[in-house]
Amino acid sequence: MSKSIVHLMRHGHVENPEGVLYERLPNFHLSETGRAMAARMADHTADFDLVHLRCSPLERAQETIAPTTERHALEPVT
């Protein structure tokens, strides 16, 4: 019997110098640190047998998952 594992990941660090409570507001993108976090996650999951990716439509979430989708040649479902 095969085993399914679900991995959950939150978006990376967001550029927000004014401390806005942005929740679902548009135009809050990953900071340089957040982009590095996303790249590290793609590296970390490089050997994982990922078969499905699901992601929030928010920009910061899309930016976080982008390196992983590229690494695994998968299109995330939003």
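Predicted, not measured: the structure shown is a model, and the values here were computed from it.

Conventions used here
- Residues numbered from 1 in each chain as written.
- Predicted model: local features only at pLDDT ≥ 70, side-chain atom pairs only at ≥ 80, totals over all residues.
- Heavy atoms only, no water.
- Helix = DSSP H or I, 4+ residues; strand = E, 2+ residues; numbered from the N terminus.
- Buried < 20%, exposed > 50% of the residue type's maximum accessible area, 1.4 Å probe, protein only.
- Contact = heavy atoms within 4.5 Å.
- Expected span 1.5 Å × (residues − 1).
- Arc of directions from axis to C-beta.

Enquirer: An account of the environment of Ile-65 is requested, with residue identities and associated values reported.
Expert: Take Ile-65: it is sitting in helix α2 (residues 59-72). By relative accessible area, Ile-65 is classed as buried at 7%. The spatial distance from the C-alpha of Ile-65 to the C-alpha of Arg-10 is 9.5 Å, given a sequence separation of 55 residues. Residues in contact with Ile-65, not counting those within four places in the same chain, are Leu-53, Arg-54, Cys-55 and Pro-76.

Enquirer: An account of helix α1 (residues 32-44) is needed here, citing residue identities and associated values.
Expert: Look at α1: 18 Å from first C-alpha to last across 13 residues, which is about the 18 Å you get at 1.5 Å a residue. Of all the residues in α1, the buried ones are Gly-34, Ala-38 and Ala-42. Angularly, the buried residues of α1 cover 85° about the axis, an arc narrow enough to put them on a single face. Of the exposed residues in α1, the ones pointing more than 90 degrees away from its buried face are Glu-32, Arg-40 and His-44. Along its buried surface, α1 packs onto α2.

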